[in-house]
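These are the residues of each chain, in order.
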2 protein chains.
Amino acid sequence: MREYLIGVDVGGTSVKLGKFDLEGNLLYKWSIKTDKTNQGELILKQIAKTIQENVSIQSIKGIGIGVPGPVKNNIVLNCVNLGWGSKDVEKELREVIIDEDIIIKVGNDATIATVGEMFKGVARGYQNVLMFTLGTGVGGGVIANGTLLEGKNGVSGELGHMVVDYKYNFPCNCGKKGCVETLASATGIVNLAKYKLARTKEFTPLRKFRYLSAKKVIDHAKMGDKFSKDVLDESMEYLARAMAFTSLTIDPDIIVIGGGVSNAGEMLIELIEKHYYKLVKPFITHQRIEIATLGNEAGIYGCAYLVK
Amino acid sequence: MREYLIGVDVGGTSVKLGKFDLEGNLLYKWSIKTDKTNQGELILKQIAKTIQENVSIQSIKGIGIGVPGPVKNNIVLNCVNLGWGSKDVEKELREVIIDEDIIIKVGNDATIATVGEMFKGVARGYQNVLMFTLGTGVGGGVIANGTLLEGKNGVSGELGHMVVDYKYNFPCNCGKKGCVETLASATGIVNLAKYKLARTKEFTPLRKFRYLSAKKVIDHAKMGDKFSKDVLDESMEYLARAMAFTSLTIDPDIIVIGGGVSNAGEMLIELIEKHYYKLVKPFITHQRIEIATLGNEAGIYGCAYLVK
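Engineer: I keep staring at unusual backbone geometry and nothing clicks. Help me out?
Structural biologist: A negative phi angle characterises most non-glycine residues, just as the trans form characterises most peptide bonds. Geometrically, the link from Lys281(A) to Pro282(A) is a cis peptide bond, its omega value of -5 degrees lying close to zero. Relative to the helices and strands, Pro282(A) is located in the loop between α9 (266-280) and β12 (288-291). Although it is not a glycine, Asn73(B) sits at a positive phi angle of roughly 50 degrees. Checked against the element boundaries, Asn73(B) lands in the loop between β5 (71-72) and β6 (75-76). Of note in the backbone geometry, Asp251(B) takes a positive phi value of approximately 50 degrees without being a glycine. On the secondary structure map, Asp251(B) appears in the loop between α8 (226-250) and β11 (254-258).

Next up, the structure:
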């Protein structure tokens, strides 16, 4: 009897896996180290092997896979972090697990985390969901009318690469300057803090650190350091711009903030709201903006949802 | 036999109507002057009357109505231009036409024009469509996975009110400053031209006009006037920002430009493309950006589609 869903969240460092029942309850989770040798050609074999070791193949209804790159119609277009170019993950994985009846679906990891939050997290029950994942970069996911948007090229939800700044012009990994990712990710918070430390004489305990991190800025903001709070405030002003643009496009029921930076919690929401409403009035005057609740399990939940 | 669809595009000045066959071919169109007395309480009676005068009620399958304001689940939330507050148009219209079997659907006019272009215009056959209508203001419509997005508050597609400028700070009708509507609508083009005329001494034939209009700026740009072309170029740079933000959210198959300003044609597309690709690279490198083909009939086509 096919009674399990497998969620597989493939990252550049580790692959997280979860075994779910058909209702989407997480029964068991584990992870393996990603083997990126030879342009990541072993990754799918690794995944097939660890699934076979942990679950009887005949008991699996479906395997959902999230990857860090654009996906269109189940085909991965590229994943720089894994070494992959275009890849038919469904076909390649099926060749290894040799089971015609298992459903295999693939999606972009940031958008799948959004699905996870809709399935079992803070966005449960909503039809129109926006998610910003503030980690090393800024990822995004867009659900409209209950459906995850992929768009023409699978880049729907590349919310981190909206150019929202023409003042600092911090360079982005994508090749542009001023993307929201350069200001509101963990990296972006450090960019802003360093910039201001170098150009002001304002007192802040941050000056004593040889290496800055977003966590240090957030911790000091929480402890009442004005400099750190101002940095975070400005960072969230830029995030609020991207949020406003996206909101006027799809008018979401809820906006979810995930990723490491979201550990800042309620303080972050307050800073975002302060800037957000100025940019969407008078069209939107009440908006649920919430911290994600599934943490780094959002991906495997979303993957399970893909094949339920 | 119910063999006709009626499209009704309600504007502040006139109501445009169209009689369509069930395939969406326009058979006959006409218009009446909008009667806005007493907060527009006569408008729906006017519409019922003119439909009854022109088409046998028993032959109508459905009536689709577009209004200049936000609509959610067939309920108009407000229409400042018509004098309407919240209004159940379906219920009120049915009370006048007295036919239980006619389908009545209501939508926002800018989003419905987008549906019209998808149904019978330049966006025919596409599933993901963005439209910017550059008229007195800037309207928008968003179709994702073949479905028109309304969102939580019916404000999905308020693309004209993205704040894209922090330099000129032209005031917008919505109460904010720097909305794309203040820079890329017909009004916005005049805003920019006046601003630059007052602050530069650059030669331009525009200086001889007592009253400026977007059409004059466009006409002179086409005739080779550098000042006019620069104004239009900057105007389209701001439009390109809003387009880029929206594109990274839904990743459309095609972006359609409608409204009076779109009469500028190919020159406009060239200016938009010049700025747009800088803002969406490397994610989007090829994008269909096209002038709308249905002109001011897009609304009635879209209304017919609502009830087909």
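Engineer: Please clarify how the relation of the copies chain A and chain B should be interpreted in this entry.
Structural biologist: Expressed as a screw transformation, the operator carrying chain A onto chain B has a rotation angle of 180 degrees and an axial translation of 0.0 Å, and the superposed copies differ by an RMSD of 0.1 Å. What the rotation and shift describe, once combined, is the action of a two-fold rotation axis. Most of the interface of chain A is mirrored in chain B, where 100% of its interface residues are also at the interface.

Engineer: Help me understand the side chain of Glu181(B) in this model?
Structural biologist: Residues and elements named next belong to chain B. Relative to the helices and strands, Glu181 resides in helix α5 (residues 181-184). Although Glu181 is buried, it makes no salt bridge; Lys176 carries the closest opposite charge, 9.3 Å away. Setting aside residues up to four positions removed in sequence, Glu181 forms contacts with Gly137, Val138, Gly160, His161, Cys172, Asn173 and Gly188.

Engineer: Is there a simple way to explain the pattern of salt bridges in this structure?
Structural biologist: All names here are of chain B. Scanning all chains against the criterion turns up 26 salt bridges over all chains. Between Asp99 and Arg2 there is a salt bridge whose closest N-O contact spans 3.0 Å. With Asp99 in the loop between α3 (89-97) and β7 (103-108) and Arg2 in the segment before β1 (4-10), this pair connects stretches of sequence that are 97 residues apart. With a relative accessible area of 9%, Asp99 lands in the buried category.

Engineer: Please explain the sheet that holds β7(B) as it appears in this structure.
Structural biologist: All names here are of chain B. Across the sheet, five strands lie side by side as β3-β2-β1-β4-β7; this open sheet has mixed pairing. Among the strands making up the open sheet, the edge pair consists of β3 (26-33) and β7. Along the sheet, successive strands turn relative to each other by an average axial angle of 15 degrees, direction set aside. Inspection of the sheet shows strand β4 (residues 60-67) paired to β7 by six bridges, in the parallel sense. The residue of β7 that forms the bridge with Gly64 is Lys105. In the packing of helix α2 (residues 43-54) onto the sheet, the strands contacted are β1, β2 (14-21), β3 and β4, and the crossing angle to β3 comes to about 140 degrees. This element, α3, spans β4 and β7 of the sheet and lies at about 140 degrees to β7.

Engineer: Explanation requested: the confidence of the model for chain A in the structure shown.
Structural biologist: Detailed reading of the predicted coordinates is not advisable wherever pLDDT is low. Of all residues in chain A, 100% have pLDDT values of 70 or greater, and the mean over the chain is 95. For this predicted complex, the interface confidence reaches an ipTM of 0.90, while the overall pTM sits at 0.92.

Criteria and thresholds
Residues numbered from 1 in each chain as written. Chains lettered and ligands numbered in written order. Predicted model: local features only at pLDDT ≥ 70, side-chain atom pairs only at ≥ 80, totals over all residues. Heavy atoms only, no water. Helix = DSSP H or I, 4+ residues; strand = E, 2+ residues; numbered from the N terminus. Least-squares fit on C-alpha atoms with pLDDT ≥ 70 in both. Contact = heavy atoms within 4.5 Å. Buried < 20%, exposed > 50% of the residue type's maximum accessible area, 1.4 Å probe, protein only. Lys, Arg positive; Asp, Glu negative; His and termini not counted. Salt bridge = Lys/Arg side-chain N within 4 Å of Asp/Glu carboxyl O. Pairing = 2+ DSSP bridges. Axes fitted to C-alpha atoms, helices over the stretch in contact; angles between N-to-C directions. pLDDT = per-residue confidence, 0-100.

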